[in-house]
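Chain residues, written in single-letter form:
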Amino acid sequence: QAQLVESGGGLVQPGGSLRLSCTASGYFIHYDAIGWFRQAPGKERERVSCTTSTDNTYYSDSVKGRFTFSRDTATNTVFLQMNSLKPEDTAVYYCATKRDGCTSYGVLHGPRAYERWGQGTQVTVSS
């Protein structure tokens, strides 16, 4: 069965860093568009990034310059390096995949377009 598993979350102080990992099983993740999303209690799920199979990445304005997507094709894994973390980054972070492509008619796809989701990993930024 195809699945995605996130790891790497935890508790960090403001200004700290975490690297999230997302490993796919049962399919080759790098053929797809890969999204990172986050959701805090009482808030809607928001896009953090979307990356195409050709490594065209779209970052949310709220994380641009602080978060970086990368991949390791050999291990069927993608990463989200999160630096300069802020309390407002606190959320459950999810990786997700969909058929390749982050946009349609110039508009970024929302979470409903993603077909496979990981279970989420908690990131808490607090002093």
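About the thresholds
Residues numbered from 1 in each chain as written. Predicted model: local features only at pLDDT ≥ 70, side-chain atom pairs only at ≥ 80, totals over all residues. Heavy atoms only, no water. Phe/Tyr/Trp six-rings, centres within 6.5 Å; stacked < 30°, edge-to-face > 60°. Buried < 20%, exposed > 50% of the residue type's maximum accessible area, 1.4 Å probe, protein only. Disulfide = S-S within 2.5 Å. Helix = DSSP H or I, 4+ residues; strand = E, 2+ residues; numbered from the N terminus.

Asks: Go over the packing of aromatic side chains with me, naming the residues and quoting the values.
Replies: Scanning the entire structure with this criterion turns up five aromatic pairs. With a centroid separation of 4.6 Å and 70° between ring planes, the pair formed by Phe-28 and Tyr-31 is classed as edge-to-face. On the basis of relative accessibility, which here comes to 33%, the residue Phe-28 falls in the partly exposed class. The class of Tyr-31 is exposed, set by a relative accessible area of 61%. Aromatic side chains Tyr-94 and Trp-117 sit 6.2 Å apart centroid to centroid with 80° between the ring planes, which places their arrangement in the edge-to-face category.

Asks: How would you summarise the state of the cysteines if you had to cite specific residues and measurements?
Replies: Using the criterion set out here, one finds two disulfides in the structure. The disulfide that involves Cys-22 links it to Cys-95, with 1.9 Å between the sulfurs. Residues Cys-22 and Cys-95 are joined through a disulfide that is right-handed, its torsion about the S-S bond being 65°. Taken together, the residues Cys-22 in strand β3 (residues 18–25) and Cys-95 in strand β9 (residues 91–98) connect sequence positions 73 residues apart. For the pair Cys-22 and Cys-95, one class covers both residues: buried. Two residues share a disulfide in this structure: Cys-50 and Cys-102, whose sulfurs sit 2.0 Å from each other. For the disulfide bridge between Cys-50 and Cys-102, the dihedral angle about the S-S bond is near -90°, and by the sign convention the bridge is left-handed. On the criterion of sequence distance, the pair formed by Cys-50 in strand β5 (residues 46–51) and Cys-102 in the loop between β9 and β10 (103–104) is long-range, its members being 52 residues apart. Its relative accessible area of 0% is what places Cys-50 among the buried residues. Given a relative accessible area of 2%, Cys-102 falls into the buried group. For the protein chain, the disulfide bridges join cysteines in the arrangement 1-3, 2-4, where the cysteines are counted in sequence order.

Such coordinate-based values are descriptive only and should not be taken to indicate function.
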